[in-house]
There are 4 protein chains.
Amino acid sequence: MEQPKNMSETAILLMYCPDKQGLLATVTDFINVNGGNILYLDQYVDRQDHIFFMRVEWDLKNFIIPQEKIEEYFSTLYARKYDMIFRIYFSSKVPRMAIFVSKMSHCLYDMLARYTSGEWNVEIPLIISNHPDMKEAADRFGIPFHCLPITKENKAQQEAIELELLEKYDINFIVLARYMQVLSADFIEYYKERIINIHHSFLPAFMGAKPYHAAFERGVKLIGATSHYVTSDLDAGPIIEQDIVRISHKDTVDTLVKKGRDLEKIVLSRAVGKHIERKILTYKNKTIVFN
Amino acid sequence: MEQPKNMSETAILLMYCPDKQGLLATVTDFINVNGGNILYLDQYVDRQDHIFFMRVEWDLKNFIIPQEKIEEYFSTLYARKYDMIFRIYFSSKVPRMAIFVSKMSHCLYDMLARYTSGEWNVEIPLIISNHPDMKEAADRFGIPFHCLPITKENKAQQEAIELELLEKYDINFIVLARYMQVLSADFIEYYKERIINIHHSFLPAFMGAKPYHAAFERGVKLIGATSHYVTSDLDAGPIIEQDIVRISHKDTVDTLVKKGRDLEKIVLSRAVGKHIERKILTYKNKTIVFN
Amino acid sequence: MEQPKNMSETAILLMYCPDKQGLLATVTDFINVNGGNILYLDQYVDRQDHIFFMRVEWDLKNFIIPQEKIEEYFSTLYARKYDMIFRIYFSSKVPRMAIFVSKMSHCLYDMLARYTSGEWNVEIPLIISNHPDMKEAADRFGIPFHCLPITKENKAQQEAIELELLEKYDINFIVLARYMQVLSADFIEYYKERIINIHHSFLPAFMGAKPYHAAFERGVKLIGATSHYVTSDLDAGPIIEQDIVRISHKDTVDTLVKKGRDLEKIVLSRAVGKHIERKILTYKNKTIVFN
Amino acid sequence: MEQPKNMSETAILLMYCPDKQGLLATVTDFINVNGGNILYLDQYVDRQDHIFFMRVEWDLKNFIIPQEKIEEYFSTLYARKYDMIFRIYFSSKVPRMAIFVSKMSHCLYDMLARYTSGEWNVEIPLIISNHPDMKEAADRFGIPFHCLPITKENKAQQEAIELELLEKYDINFIVLARYMQVLSADFIEYYKERIINIHHSFLPAFMGAKPYHAAFERGVKLIGATSHYVTSDLDAGPIIEQDIVRISHKDTVDTLVKKGRDLEKIVLSRAVGKHIERKILTYKNKTIVFN
């Protein structure tokens, strides 16, 4: 993949904790006084639950704390003191993403095109499917493709193989690109808040199977798509991104499916892009999506 | 109200029937050979159920069938033969609309402003409310206001008075402008397909009470509003119009309510405008909305 | 007007200055250590020009600096030191807005409805027009209406009278609600960054007169509306808000005008609402619109 | 490419002519009485210029006029009589499309993905570029790629080679997928109304080079993309499709470029899809886009 040039390394801190006066000053001070140059900062206070959320990205060039010690120092000096939940990411550590797909190609191609063109700072070393159909697409982009058909009987077995593959390829997060299988609760738990799905309706309307048929039956004037983190509750995980397109009485289920494809791929890719850029925090089954 | 000037009278035919070859030619011929000049025509064929829907508007100036005989002639010559459901409207017969309102003013003012400016070819001779709050708004526009508070005990009684008022004022259709009362099935039956409601969510998501609270809890990234004809199934009638607005994690229930207001009034007024222009047909709990 | 209840008084600081490390901490510290409770904070750094922009709102209940001294203290202690451009507003000082209107009522009614319902924390004591048409609308809402017809010959004279009226009614800012007259450069200078206009196109497309006709001629598939601060360059001032609506080949100039009305009123009212909430800063002919 | 199965052959008539009573009946009669089953019909009357436009698609299975004679019969019996401009297409004749591209891949990949998945009833046998960068993308999808760098000096020569290639590959229409060269008037004339471009602004705003820079400078709150037929007037041809996305003061030229990419590819592909489906008529530098 092409890499952005001449960029020095950066660190990203994602955190939240009970709100207190001066938290923002405290964290920015930690970066400033130790030689970090803040590049982006976005914060948000949940005034109902009194929680402070923040994302800050800074240049590490003159930062005096060694990279491998930053987490420890931050934890010792601040996180424990303020009951922070936090994670630190480094731009040098490119996240590794697996795509799960069934028979439809539109989301898959959209992501592979972004990946190949260098739009996303990610590695995609693995595509898994329950059908052989997308092998050709994977081959076009030179990405290993593993076909693991799922039946009621072999599901546990196949998921075990999938987990091995994910480990072998050192995968950090999974994107379900219209993968038409429900993952087991154990599998989901293993990749908690690290599995992104696209559902082809504006959730919570039309959960479950065949949402375009349901939308057609109900006679709605808009159809939607929703990208969300997968939880063991089907189609009920934290929503990352949604969008809609207008339809009319002239649309059939077929034209809804067609119009929906463009929506699905754009909504999913927006969500995946935000995840790659470490811009999402989840809290109480909702997402905070930073700028 | 201001009236558009120099417009000669027009007729509008709204119809549907089992699809057959040549239906469109048959109907347009009926108008053409009898001297009618077609101004607008829109048709649609439901290819699943094989139903032909059509709206046609024509200038009556040189039409040789007398206005009061058009319905009879069309019925005799075509409607029975082709099993048509149809209705004919005349531009000279201005529809009369009643508004039901509770405490919120945004939809009410939006409609009164359109009415007063002559945007809509309608009369609004009556406003009914279960609260006294909107009397001042009604007074500003010089429209009779009747306050009929509803309790579990007096509901049947009050609805009877409402029906009397509607009859007295010769009302053709009713708009529920954030009227926070469920109408009885009998009342709805009486004004079947002639009661338009605005629901403050993108139906079928968040039916029933407090949809903004439910949207906030679910963490959606869009909120919506839906205008629909009222049926005895709560929030489940034929949808006329929907729209949405983007929200984010920064929104509270209060800001959702505020953003939703603009959505509600525009979506409701779009639906009411289409109804006034006789552009809506309902079929199987859906609407066909002609251009 | 209804007032929100039980709200204690707040202060709003809008500021910008050359960016430096620690600015945010400095300003929030000033508020925190003096007993202010920060309610909302939004900041933005222009990384091209290295300018720091901020809006912060805090509760004055326990703030130890007397309200009438805050500006002086802030100026002395920080603003001069950091070359800040700043302004401080207090929730107790309700802004006073005049509406200029010509013959069209849609924007006027939309704003009067918001005003009357208490949606906006504003006073509207004055409506000025170059035509008598909107007197009735002003009367409905009990607002003084002054008709000052403008000709090439009397323009300077009439503007002088307008300025007197604006002074007499202690007006802070002006909204041109489809006011079809170009204000003189002197007049604009007098109310610099305090005159909000609505232009009926997505600027910079279709500047000047008859944008719907121009849009129709060009065959665009979207029409727009733009709200902006007025400068002496016609339709070229800082843009506050824009939106669009889809159109098709079926639209005529008349239907564009009709569809545009809903767009114009919503876009203008969004901009006016942001101005009333003190959420807009202008810099280099652009706006920063805070959350 | 995958082909839709079990579809019998259809004919599509696109036509316009001076409006007259009974035109629609005349054309549908021609199809009906000769055994054609109308599948889709959309018509439109320009009431200002009195022009009747129509698109009708019918099943040829029982149509009694031989396919190769339909054009002649229609021309003789109707077109000359009514001064019709018309064209007849057959579903069996798959249109052949060439893509012109420079260095950016997003529009190219989006179209190749649709092509490969069978979403479009089209052949893409040729990609031409003035840069070598996209050869790899073309190779991935097995499509011949010709690199023809353009300079001021060699432009006429290179365009001659391009025209030869287009002829050799029997190309019906050309899509400029962010092709950063202006075609000569002669070239354009040769493929009149058969070259589709994507311009990265909501035209007519920001015509010409660097529209995202211009949008950033102007401080707009929306950016857009416009797909249009190419004429010898730069960025001034008939508009097929436009869309926009919201931006804010936080966006830089870089983020505009990024947000614009998704807009560009979707808007271009929507336009190309409509062209492939023979749903576009051009008239007076505008498009009629049928349903």
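Criteria and cut-off values
- Residues numbered from 1 in each chain as written.
- Chains lettered and ligands numbered in written order.
- Predicted model: local features only at pLDDT ≥ 70, side-chain atom pairs only at ≥ 80, totals over all residues.
- Heavy atoms only, no water.
- Contact = heavy atoms within 4.5 Å.
- Buried area = accessible area lost by both parts, 1.4 Å probe.
- Salt bridge = Lys/Arg side-chain N within 4 Å of Asp/Glu carboxyl O.
- Polar contact = N/O pair within 3.5 Å; in protein donor to acceptor, adjacent residues only side chain to side chain.
- Least-squares fit on C-alpha atoms with pLDDT ≥ 70 in both.
- Helix = DSSP H or I, 4+ residues; strand = E, 2+ residues; numbered from the N terminus.
- Buried < 20%, exposed > 50% of the residue type's maximum accessible area, 1.4 Å probe, protein only.
- Pairing = 2+ DSSP bridges.
- Axes fitted to C-alpha atoms, helices over the stretch in contact; angles between N-to-C directions.
- Core = buried A, V, L, I, M, F, W, Y, C linked by side-chain atoms within 4.5 Å.
- Domains from an automatic or database assignment.
- Phe/Tyr/Trp six-rings, centres within 6.5 Å; stacked < 30°, edge-to-face > 60°.
- Lys NZ or Arg CZ within 6 Å of the ring centre and 35° of its normal.
- Arc of directions from axis to C-beta.

1. Some thoughts on the interface of chain B and chain A
- The partner chain A presents 34 residues to the 34 residues of chain B that form the contact.
- With both chains or domains summed, chain B and chain A bury close to 2900 Å², and 52% of this area falls on carbon and sulfur atoms.
- Per-residue buried area on chain B facing chain A is highest for Arg 218, Lys 221 and His 249 of chain B; these three make up 24% of the total on that side.
- Along the contact surface separating chain B from chain A lie 4 salt bridges.
- Among the salt bridges present, the one from Arg 246 of chain B reaches Asp 243 of chain A, with a minimum N-O distance of 3.8 Å.
- Taken together, chain B and chain A are joined by 20 residue pairs in polar contact (both at pLDDT 80 or more).

2. Details of the relation of the copies chain B and chain A
- For the pair chain B and chain A, the best superposition has an RMSD of 0.0 Å and corresponds to a rotation of 180 degrees with a translation of 0.0 Å parallel to the axis. On this basis, the relationship between the two copies can be described by a two-fold rotation axis. If distances are taken from each C-alpha of chain B to the rotation axis, the shortest is found for Ala 205 of chain B, at 2.2 Å.
- Taken as a fraction of all interface residues of chain B, those also at the interface in chain A reach 100%, which identifies the copy contact as same-surface.

3. Some thoughts on the pattern of salt bridges
- As enumerated under the stated definition, the model contains 76 salt bridges over all chains in all.
- One salt bridge in this structure joins Arg 114 of chain D and Asp 262 of chain A, with 3.0 Å as the shortest N-O distance. Highlighted residues: Arg 114 of chain D in helix 3 (residues 106-116) and Asp 262 of chain A in helix 8 (residues 253-276), drawn from two different chains.
- A relative accessible area of 15% places Asp 262 of chain A in the buried class.
- With its nearest N and O atoms 2.5 Å apart, the salt bridge here joins Asp 110 of chain B to Lys 265 of chain C. Of this pair, Asp 110 of chain B sits in helix 3 (residues 106-116) while Lys 265 of chain C is found in helix 8 (residues 253-276), placing the two residues in two different chains.
- A network of salt bridges, in which partner residues are shared, links Asp 110, Arg 114 and Glu 119 of chain A together with Arg 261, Asp 262 and Lys 265 of chain D.

4. Regarding the sheet that holds strand 1 (residues 10-18) of chain D
Residue and element names in this part refer to chain D.
- Judged by pairing direction, the sheet is antiparallel, and its 4 strands sit side by side in the order 2-3-1-4 without closing on themselves. Only two strands of the sheet have a single partner each, and these edge strands are strand 2 (37-46) and strand 4 (85-90). Strand-to-strand twist of the sheet, defined as the mean angle between neighbouring strand axes without regard to direction, takes the value 10 degrees.
- Inspection of the sheet shows strand 1 paired to strand 3 (residues 51-59) by 9 bridges, in the antiparallel sense.

5. Description of the relation of the copies chain B and chain D
- If you rotate chain B by 180 degrees and push it 0.0 Å along the axis, it lands on chain D with an RMSD of 0.0 Å.
- Both copies share a contact surface, since 100% of the interface residues of chain B are interface residues in chain D too.

6. Some points on the nonpolar core
- By size, the foremost hydrophobic cluster in this structure holds 71 residues, and its most contacted members are Met 97 and Val 272 of chain A together with Met 97 and Val 272 of chain D.
- For Met 97 of chain A, the contacting residues outside a window of four places in its chain are Met 111, Trp 120, Val 122, Glu 123, Ile 124, Pro 125, Leu 126, Ile 171, Phe 173, Val 175 and Val 272 of chain A.
- Counting residues in hydrophobic clusters, the runner-up holds 70 residues, among them Met 134 of chain B together with Phe 141, Leu 268 and Ala 271 of chain C.

7. Topic: the domain arrangement of chain A
Residue and element names in this part refer to chain A.
- Here the domain parsing of chain A yields domain 1 (10-90) and domain 2 (96-289).
- Taking the mean C-alpha position of each, domain 1 and domain 2 sit 31 Å from one another.
- Counting residues at the interface gives 12 residues for domain 1, matched by 9 residues for domain 2.
- Of the roughly 930 Å² buried between domain 1 and domain 2 on both sides combined, carbon and sulfur atoms contribute 66%.
- Here domain 1 is connected to domain 2 by 1 salt bridge.
- Here Asp 49 makes a salt bridge to Lys 284, at a shortest N to O gap of 2.6 Å.
- Between domain 1 and domain 2 we count 4 residue pairs in polar contact (both at pLDDT 80 or more) in total.

8. Some thoughts on the sheet that holds strand 11 (residues 239-246) of chain D
Residue and element names in this part refer to chain D.
- Pairing in this open sheet of 7 strands is mixed, and the strands run 7-6-5-8-9-10-11 from one edge to the other. The open sheet has two free edges, formed respectively by strand 7 (145-147) and strand 11, since each of these has just one partner strand. With strand direction ignored, the average angle separating the axes of adjacent strands in the sheet is 20 degrees.
- Two elements, strand 5 (residues 96-101) and strand 6 (residues 123-129), share 5 bridges in a ladder whose sense is parallel. Looking at strand 6, one finds that Arg 96 is bridged to Glu 123.

9. Section: the packing of aromatic side chains
- The final tally for this structure, using the stated rule, is 72 aromatic pairs over all chains.
- Residues Phe 100 of chain A and Tyr 179 of chain A carry aromatic rings whose centres are separated by 5.2 Å and whose planes lie at 85 degrees to one another, so their mutual orientation is edge-to-face. On the criterion of sequence distance, the pair formed by Phe 100 of chain A in strand 5 (residues 96-101) and Tyr 179 of chain A in the loop between strand 8 (173-177) and helix 6 (185-190) is long-range, its members being 79 residues apart. Just as Phe 100 of chain A is buried, Tyr 179 of chain A falls in that class too.
- Here the aromatic rings of Phe 30 of chain D and Phe 63 of chain D are separated by 6.0 Å at their centres, their planes lie at 85 degrees, and the arrangement is edge-to-face. Of this pair, Phe 30 of chain D sits in helix 1 (residues 23-33) while Phe 63 of chain D sits in the loop between strand 3 and helix 2 (67-79), and the two are 33 residues apart along the sequence. Phe 63 of chain D matches Phe 30 of chain D in its accessibility class, with the two residues each being buried.
- Across the ring face of Tyr 40 of chain A, the terminal group of Arg 47 of chain C is positioned such that the distance to the ring centre comes to 5.6 Å.
- The ring of Phe 216 of chain C has Lys 286 of chain D lying over it, and the distance from NZ or CZ to the ring centre is 3.4 Å.

10. So, the side chain of Lys 279 of chain B
- Looking at the secondary structure, you find Lys 279 of chain B in the loop between helix 8 (253-276) and strand 12 (280-283).
- Polar side-chain contacts of Lys 279 of chain B include one of 3.0 Å to the side chain of Glu 277 of chain B.

11. Side note on helix 7 (residues 211-218) of chain B
- Listing the buried residues of helix 7 of chain B in full gives Pro 211, Tyr 212, Ala 215, Phe 216 and Arg 218 of chain B. Within helix 7 of chain B, the buried residues cover an arc of 170 degrees as seen down the axis, which keeps them to one side.
- Of the surrounding elements, those touching the buried residues of helix 7 of chain B are strand 11 (239-246) and strand 13 (286-289) of chain A together with strand 9 (195-199), strand 10 (222-229) and helix 8 of chain B.

12. Considering the environment of Arg 261 of chain B
- Among the structural elements, Arg 261 of chain B can be located in helix 8.
- Here the alpha-carbon distance between Arg 261 of chain B and Glu 159 of chain B, two residues 102 residues apart in the chain, equals 27 Å.
- Setting aside chain neighbours within four positions, we find Arg 261 of chain B in contact with His 106 and Tyr 212 of chain B together with Glu 119 of chain C.

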